[in-house]
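Residue-level structure breakdown
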Amino acid sequence: GLLYSCISVGTKQGYKIYTCDPFVKRFSDNNGGIAVVEMLYRSSLVALVGAGEQPSNSPRRLQILNTTTKKSLCELPFGSTVLAVRLNKKRLVVVLETKTFIYELDTTELLYTIETEPNPRGICAMATESGESCLALPARATVGDVTVWDTISITPLNRIHAHATPIAALALSHDASLLATASHKGTVIRVFRVRCGSKAHTFRRGTLASHVYCIAFSRDAHLLAVSAASGTIHIFNLAHPQSEGIITSLVPALSDLLDPPRCFAFIRLRCAAYPNVCAFPTNHHVRVATWEGLVSEYLVDDAAGGECRLVNENTTLDSAPDHINARFV
């Protein structure tokens, strides 16, 4: 099926939904600022969270809407700001700063509440293509730990000690077999095997600290894109497993001191001042959406690597930059 072929954009005026190929505005609404727009795949079902203090646009209220009929299907109130929402065919996940709620999507019945460490950016990752429907969240009690949950059976699959500092970004591969992590420092990216918790890869993003905006796996999990505030998207090769020597396998921290591999390909954004998100619509293309309103597509040269070639660019702006959030589906 089509992967990351739509983008939803929340703005200070409302929200918009575009198809990416061809790039066409599919739906728009300008009835008040929207901080979170989450689509259920390419369907007409969207979850909306407001960006204002008016009751109709409160950041503490989640609305499920059908964009075809323009009818509200349900509303869920919360005691604090909704920071992120994830959807699949069976589950609705709502992330607050210290709690994450798992709902049955069809009935909006609350199934489970997960307590987390303070998570003010709503960091989470959800793999929706696997039968397990995995959810990764910063764990409670230990900084730098990640807990992976099966949202169907509502059971924890694993707890992984990923970093010594707070988690800044998470991503799950499409089959939920791999978890990629970055900390607040953003210099080292780690990839873990979800089931056993062992470390599969360690990569050096850079030597200077930089906030990581987004991590994305290609569909075949051979490439990993990491977008940071430095203005560069680094692309790492996962196709060849990293081998660790006897010393580094006994003392895992040493593997990070031996200068982990760096990216084999990269995208240099024209403006580093705006946050962005990235995704792989195919195994060889990276799509990037920036808060300045540009949606760009780049070709990755699997053989030579190096700087990726810009092959397409569009804009979601009707006027001056006003984006609050954007998500590929």
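Note that the structure is a prediction, hence the values are computed from the model and not measured. The numbers attached to residues start from 1 for each chain and follow its sequence in the written order. The predicted origin of the model limits local features to residues at a pLDDT of at least 70 and limits the giving and counting of side-chain atom pairs to 80 or more, whereas totals for whole chains, interfaces and linings rest on all residues. For the side-chain quantities, the full set of heavy atoms in the structure was used; hydrogens and water were omitted.

As for the overall build of the chain
- Across its full length, the chain carries two helices and 29 strands.
- For the chain, buried positions account for 54% of its 329 residues.
- Contacts are assigned to residue pairs that have any heavy atoms within 4.5 Å of one another. A separation of at least 24 residues holds for 42% of the contacts in the chain among residues at least 6 apart in sequence. Think of it this way: any DSSP run of H or I at least four residues long counts as a helix, any run of E at least two long counts as a strand, and we number them from the N terminus. For every residue, the accessible area (1.4 Å probe, protein chains only) is compared with the maximum for its type, and the residue is labelled buried under 20%, exposed over 50%, or partly exposed between those bounds.

Remarks on the environment of A279
- One can find A279 in strand β24 (residues 276-282).
- When the C-alpha atoms of A279 and F217 are compared, they prove to be 7.4 Å apart, with 62 residues separating the residues in sequence.

Description of the sheet that holds strand β23 (residues 265-268)
- Strands qualify as paired when DSSP identifies two bridges or more between them. Strand order across the open sheet formed by five strands is β20-β21-β22-β23-β27, with mixed pairing between neighbours. Every other strand in the sheet has two partners, leaving β20 (212-217) and β27 (306-307) as the edge strands with one partner each.

Considerations on the environment of A127
- Within the secondary structure, A127 sits in the loop between β12 (125-126) and β13 (134-138).
- For A127, a relative accessible area of 3% gives the class buried.
- Placed 48 residues apart in sequence, A127 and D175 show a C-alpha to C-alpha distance of 6.9 Å.
- Contacts of A127, omitting those with residues within four sequence positions, involve S133, C134, L172, S173, H174 and A176.

Focus on unusual backbone geometry
- Along the chain, D21 connects to P22 via a cis peptide bond; the corresponding omega equals 0 degrees.
- Looking at the secondary structure, you find P22 in the loop between β2 (15-20) and β3 (23-29).
- Not every positive phi belongs to a glycine, and I154 is a case in point at roughly 55 degrees.
- Its place among the elements puts I154 in the loop between β14 (145-150) and β15 (155-161).

Comments concerning the nonpolar core
- For the purposes of this section, nonpolar cores are sets of buried Ala, Val, Leu, Ile, Met, Phe, Trp, Tyr and Cys residues that join through side-chain atoms within 4.5 Å. Ranked by size, the top nonpolar core spans 27 residues in total, and within it I7, I235, I267, C278, V286, V288 and F328 carry the most contacts.
- If one sorts the elements of this core by residue count, β24 sits on top with four residues.
- Core analysis: the second largest hydrophobic core is formed by 20 residues, L45, I64, V82 and L87 among them.

These results come straight from atomic positions and should not be treated as a statement about function.
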